[in-house]
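A closer look at the structure
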Amino acid sequence: MDRSVKELMKRIVVLMFIAILFVSPNAVSEQQRTIPGFGFVNSKDVAVRYEPNGDHFTRLPQDTCVWISEAKTDKKGVLWYRIHSGIYREYAHKEYHGWMMAKFIDAGNDVWNDVAEVSANAVGMIVRKKDGSVVIAGKQATVHGSPWLNMRRWAEHIKDARQVSVQYNRGYCLLDENGYFHTTDPDNTAFLQQPLRMMEGRSDVMFAITEDGKLINYAGREIETKPWMADGTLDRVTQMTGNDEYVLLLTDHGDVLAYEYQHNALGTPPPDWQQWHHIRSVDTAWIKPGKTPLLSYTGVRMDGTVLAHPQQVSSAVSGWTEIKKAEIGRSWIAGLKEDGTCVSAGLEGKNPVDVSGWTDIVDIEAAGDYLVGVKQDGTLVFSGSFSFVDQ
């Protein structure tokens, strides 16, 4: 080899060695991947830092729930998560944004596996696994009106959950295998007195269908009889959902039955329920594409098209086909297609959640600003953002 070439190679090696010695320990590689979703601090008093390898400004206790929005690998190959969390300290709500080492957070498939059912809203998420166990993530639950830091431990003794739900006013709820109601707030015990077949958690009141075919509210009172309740109609209900005005009941014949339990002056005029037939799934939620919130509704027809109300939502889904389920977010709507992929659309120019890479999805659940997808293998995927502060 020519002598000049050898000298050049030596200089290159020396320069590379100097670069390695003097590279900033705080430097982070460009390699990064977005991993939105819930996780849990798995060690005692873990540092939250301004930047990966940077100074820490607080510590979070074990089992604290966090929302992961980004991941980065530093020059030493250490994985870091950008996290957002909110906990109660010194009688006040504290919110934190920063970076934590990924090894101190349980997340992804290590937590969200063997999932059978998900219920989610802006409060948080409760998951029922195939073995009947339950995992909760989101804002801190309360006990006798006081914040409770460890939601994970509440559900550890549950091994026989049959249905799960998140309720805005009454925390994280479930029905056990015998139909009895459990909640993170022990002050709410009305439903505990009788076995239930089905419950919904999105209405302002919360309703359930008893094992003997009665529609009751959270106080345990049977609601006034409606003509459509005759002839065992409630026994044919396959899905319940609700909002601040209506409880919607979907029957196995594809009919949507709407029970108006209170009138909200801010609400949107309801759709013509007489036209809602041949429906396979329904959803309702508050949307806020502009300054004024509106109640919205979707119903997926048997032919895979979507019926929606009001116009802001119906125009967004007008061309959708081969849809199994449609879910409404705060300013977007998402749909699960027959082939396991998903579509989404923003309302009135808003950005939708990103579902472009989702495959093998068997169920979706929209919750304010984030979307949860259940994959065929029982794992979860997330898109969007979650806030630990009431909006």
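In what follows, the accompanying structure is described. All values reported here derive from a predicted model rather than from experimental measurement.

What to know about the sheet that holds strand 24 (residues 294–301)
Taken together, three strands build an open sheet; the order of strands is 23-24-25 and the sheet is antiparallel. Looking along the sheet, the strands with just one partner apiece sit at the ends: strand 23 (279–287) and strand 25 (306–309). Strand-to-strand twist in this sheet, taken as the mean axis angle between neighbours without regard to direction, amounts to 15°. Here strand 23 pairs with strand 24 via eight bridges, running antiparallel. Directly across from Trp 286, in strand 24, lies its bridge partner Leu 295.

Remarks on the side chain of Lys 337
For Lys 337, the position within the fold is in strand 27 (residues 332–337). Buried charged residue Lys 337 carries no salt bridge. Nearest counter-charge: Glu 322, at 4.3 Å. Non-local contacts of Lys 337, meaning those with residues more than four positions away in its chain, are made with Thr 321, Glu 322, Ile 323, Lys 324 and Val 343.

Side note on the environment of Gly 340
Relative to the helices and strands, Gly 340 is located in the loop between strand 27 and strand 28 (342–346). When sequence neighbours within four positions are dropped, the list of residues in contact with Gly 340 reads Trp 358, Thr 359, Asp 360 and Ile 361.

Here we look at the sheet that holds strand 16 (residues 181–183)
Spatial strand order, 14-15-16: three strands in an open sheet with antiparallel pairing. Looking at which strands have only one partner, the edges of the open sheet turn out to be strand 14 (161–167) and strand 16. Shown here is a sheet whose adjacent strand axes are inclined to one another by a mean of 20°, direction ignored. As paired strands, strand 15 (residues 171–176) and strand 16 are joined by three bridges and run antiparallel to one another. The residue bridging Leu 174 from the neighbouring strand is His 182, located in strand 16.

Concerning the packing of aromatic side chains
This structure, assessed with the given rule, holds 17 aromatic pairs. Summarising the aromatic geometry, the rings of Trp 273 and Trp 276 are spaced 5.2 Å apart at their centres and angled 65° between planes, so their arrangement reads as edge-to-face. Measuring from ring centre to ring centre gives 5.2 Å for Trp 273 and Tyr 297, while their planes differ by 85°; the resulting arrangement is edge-to-face. Taken together, the residues span a long stretch of sequence, with Trp 273 in the loop between strand 22 (256–260) and strand 23 and Tyr 297 in strand 24 at a distance of 24 residues. Accessibility classification places Trp 273 together with Tyr 297 in one group, the buried group. Members of the aromatic cluster, joined through ring pairs, are Phe 38, Phe 40, Trp 67, Trp 112, Tyr 370, Phe 382, Phe 386 and Phe 388.

Let's talk about the layout of surface pockets
Reported here for the second largest pocket is a volume of approximately 670 Å³. Contributing to the lining of the second largest pocket are 33 residues, with Glu 117, Gln 239, Met 240, Lys 325 and Glu 365 lying nearest its centre. Residue assignment for the lining of the second largest pocket shows that the elements contributing at least two residues are strand 9 (115–121), strand 14, strand 17 (196–199), strand 20 (237–242), strand 23, strand 26 (323–328) and strand 29 (361–367). For the lining of the second largest pocket, the leading source of residues is strand 9, giving six residues.

A short note on the environment of Pro 352
Looking at the element boundaries, Pro 352 is found in the loop between strand 28 and strand 29. Along the backbone, Pro 352 and Gly 329 are 23 residues apart, and their C-alpha atoms lie at a distance of 8.8 Å. When neighbours within four sequence positions are excluded, Pro 352 is seen to be in contact with Trp 332, Ser 344, Ala 345 and Gly 346.

Details of the pairing of strand 22
Two faces belong to every sheet, and in a regular strand the side chains alternate between them. Of all five residues making up strand 22, four are buried, and the element is well covered by its neighbours. Two elements, strand 21 (residues 246–251) and strand 22, share five bridges in a ladder whose sense is antiparallel. Within strand 22, the position partnered with Leu 250 by the bridge is Val 256. Linking two consecutive strands that pair antiparallel, namely strand 21 and strand 22, is a turn of four residues; a positive phi of about 85° is found at Gly 254 within it.

Details of the pattern of salt bridges
Going through the model one piece at a time under the given rule, you end up with eight salt bridges. A salt bridge links Arg 280 to Glu 338, with the nearest nitrogen and oxygen atoms 2.8 Å apart. Residue Arg 280 is found in strand 23, and its partner Glu 338 is found in the loop between strand 27 and strand 28; the two are separated by 58 residues along the sequence. Asp 363 is the salt-bridge partner of Lys 325, the closest N and O atoms lying 2.8 Å from each other. Here the residue Lys 325 occupies a position in strand 26, and Asp 363 occupies one in strand 29, the gap between them amounting to 38 residues. The exposure class assigned to Lys 325 is buried, which follows from its relative accessible area of 16%. What makes Asp 363 partly exposed here is its relative accessible area of 23%. The network of salt bridges with shared partners includes Lys 325, Asp 363 and Glu 365.

Scoring rules and cut-offs
- Residues numbered from 1 in each chain as written.
- Predicted model: local features only at pLDDT ≥ 70, side-chain atom pairs only at ≥ 80, totals over all residues.
- Heavy atoms only, no water.
- Pairing = 2+ DSSP bridges.
- Helix = DSSP H or I, 4+ residues; strand = E, 2+ residues; numbered from the N terminus.
- Axes fitted to C-alpha atoms, helices over the stretch in contact; angles between N-to-C directions.
- Buried < 20%, exposed > 50% of the residue type's maximum accessible area, 1.4 Å probe, protein only.
- Lys, Arg positive; Asp, Glu negative; His and termini not counted.
- Salt bridge = Lys/Arg side-chain N within 4 Å of Asp/Glu carboxyl O.
- Contact = heavy atoms within 4.5 Å.
- Phe/Tyr/Trp six-rings, centres within 6.5 Å; stacked < 30°, edge-to-face > 60°.
- 1 Å grid on protein atoms, 1.4 Å probe; cavity = no way out; pocket = protein on both sides within 12 Å on 5 of 7 lines; lining within 4 Å.
- Points joined across faces, edges and corners; volume = space filled by probe spheres on them.

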